[in-house]
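What follows is the residue order along each chain.
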Amino acid sequence: MSFNALGFLALEAVNFAYPERGNVVKDISLTLAPGEIHCLIGRSGCGKTTLLKLAAGLLKPQTGRIQLKGQDVDQPVPDMGFVFQTPTLLNWLSILDNVLLPLSLHGKVTDAQRAYGEQLLSQMGLTPYRHEKPLQLSGGQQSRVAIARACITRPSVLFMDEPFASLDAMTRDALQNDFLTMCHAQGTAVLFVTHDLNEAVYLADRVSLLNEGHIHPPLDIHLPRPRDNNLRFTPPFNLLCQQLRQILDAQ
Ligand SMILES: Nc1ncnc2c1ncn2[C@@H]1O[C@H](COP(=O)(O)OP(=O)(O)O)[C@@H](O)[C@H]1O
Ligand SMILES: [Mg+2]
């Protein structure tokens, strides 16, 4: 397959400027392998969200190239799923109907699709809530719904923009674990933006640092999978966090 040479998702020398702001993504190249979890970290305003939107076809670069499976990305496709910082659920629909929304927007939902929605809700621990409305759920549960909704089209790649940033630490830890289990079960590749070093190291196969629109070569995270909460307190984990911290501080 031709995309193997470049990566399954490949950004090549991408530049992007907002007219009133100038260049915020500067000559960035990045690859994502099938099933890889790649975290992007950097300070607020360094261009993380912009880069994610470019990779997902929500913004067009002024120069450079973005390809998914060898095809130019010029708009979002069903093979992609998105999760943003706020879950953006529709309050008048049940949890299950929120999950099915990406399908129901395009026609009648089949029994098999509905069953898959139920399965995703089960994987996210939400089966008892499937007929509730979003406002009846906690913030962490709403984030779980947003993840299930992003996965309903069985995307090969997920784009996540600080989806757990507003959650308390213990809820976030639990979600990270369930999220990893789900991605590995489905072989989903993930480009995951976070400003949390520990989250990046826990989730990722590779971590890339962004600094004022520039990207550093990715750091490989050689930690055992499946991840386990005890890993968060081990020397190899803390050493990787420290390494990333030192690169960030040197900027
Ligand atoms: N729609 C926009 N129009 C103009 N400038 C923007 C827009 N969105 C973001 N920016 C600017 O681009 C830079 C990068 O923003 P962003 O990609 O959101 O950063 P991050 O996600 O890392 O916080 C920031 O300086 C921000 O103010
Ligand atoms: Mg952002």
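Scoring rules and cut-offs
- Residues numbered from 1 in each chain as written.
- Chains lettered and ligands numbered in written order.
- Predicted model: local features only at pLDDT ≥ 70, side-chain atom pairs only at ≥ 80, totals over all residues.
- Core = buried A, V, L, I, M, F, W, Y, C linked by C-beta atoms within 7 Å.
- Buried ≥ 20, exposed ≤ 12 C-beta atoms within 10 Å, placed from the backbone.
- Helix = DSSP H or I, 4+ residues; strand = E, 2+ residues; numbered from the N terminus.
- Domains from an automatic or database assignment.
- Contact = placed C-beta atoms within 7 Å.
- Expected span 1.5 Å × (residues − 1).
- Near = placed C-beta within 6 Å.
- Nonpolar A, V, L, I, M, F, W, Y, C, P; charged D, E, K, R; others polar.
- Pairing = 2+ DSSP bridges.

**Digging into the nonpolar core**
In step 1: In terms of nonpolar packing, the biggest core is built from 69 residues, with C39, A55, V99, A148 and F159 touching the most fellow members.
In step 2: With six residues, helix α5 (residues 139–151) is the single largest residue contributor to this core.
In step 3: When residues are assigned to domains, this core turns out to be shared by domain 1 (33–61 + 73–79 + 155–251) and domain 2 (89–154), each giving three or more.
In step 4: Excluding residues that lie within four positions of it along the chain, A148 makes contacts with V99, L120, L121 and M124.

**Digging into α5**
In step 1: For α5, which comprises 13 residues, the first-to-last C-alpha distance of 19 Å matches the rise-based estimate of 18 Å (1.5 Å per residue) to within 8%.
In step 2: Buried residues dominate α5, accounting for ten of its 13 residues.
In step 3: For α5, every residue scored as buried is listed here: Q142, S143, R144, V145, A146, I147, A148, R149, A150 and C151.
In step 4: In the core, the buried residues of α5 are packed alongside β6 (80–83), α3 (95–104), α4 (111–123), β7 (157–161) and α6 (169–186).

**Focus on the site of ligand 1**
In step 1: All residues in the neighbourhood of ligand 1 are listed as Y18, E20, R21, V24, G42, S44, G45, C46, G47, K48, T49 and T50.
In step 2: Classifying every residue of the shell around ligand 1 by side-chain character gives three nonpolar, six polar and three charged.

**Here we look at the domain arrangement of the protein**
In step 1: When the domains of the protein are assigned, the result is domain 1 (33–61 + 73–79 + 155–251) and domain 2 (89–154).
In step 2: One C-alpha centre belongs to domain 1, the other to domain 2, and the line joining them spans 24 Å.
In step 3: Listed per partner, the contact involves 13 residues of domain 1 and 13 residues of domain 2.
In step 4: When residues in the side of domain 1 that touches domain 2 are grouped by element, the largest group, six residues, is from α6.
In step 5: The class makeup of the residues in the side of domain 1 that touches domain 2 is nine nonpolar, three polar and one charged.

**Structural notes on the sheet that holds strand β4 (residues 63–68)**
In step 1: Spatial strand order, β2-β1-β4-β5: four strands in an open sheet with antiparallel pairing. Since the sheet does not close on itself, it has two edges, and those belong to β2 (22–32) and β5 (71–72), each with one partner.
In step 2: Pairing analysis gives five bridges linking strand β1 (residues 9–18) to β4, with the strands arranged antiparallel. Each bridged residue has a counterpart across the sheet, and for L11 the counterpart in β4 is I66.

**Observations regarding the pairing of β7**
In step 1: Counted residue by residue, β7 has five buried out of five residues, so it is predominantly covered.
In step 2: Residues of β7 alternate between two faces, with V157, F159 and D161 on one and L158 and M160 on the opposite face, all of them buried.
In step 3: Where β6 and β7 come together, four bridges link them in parallel fashion. What sits directly across from G81, in β7, is L158.
In step 4: In this sheet, strand β8 (residues 189–194) lies alongside β7 in parallel orientation, the contact comprising five bridges.

**Observations regarding unusual backbone geometry**
In step 1: For the bond running from R225 to P226, omega is 0°, close enough to zero to count as cis.
In step 2: Looking at the secondary structure, you find P226 in the loop between β11 (219–220) and α8 (235–249).
In step 3: Of note in the backbone geometry, E162 takes a positive phi value of approximately 45° without being a glycine.
In step 4: In this fold, E162 is placed in the loop between β7 and α6.

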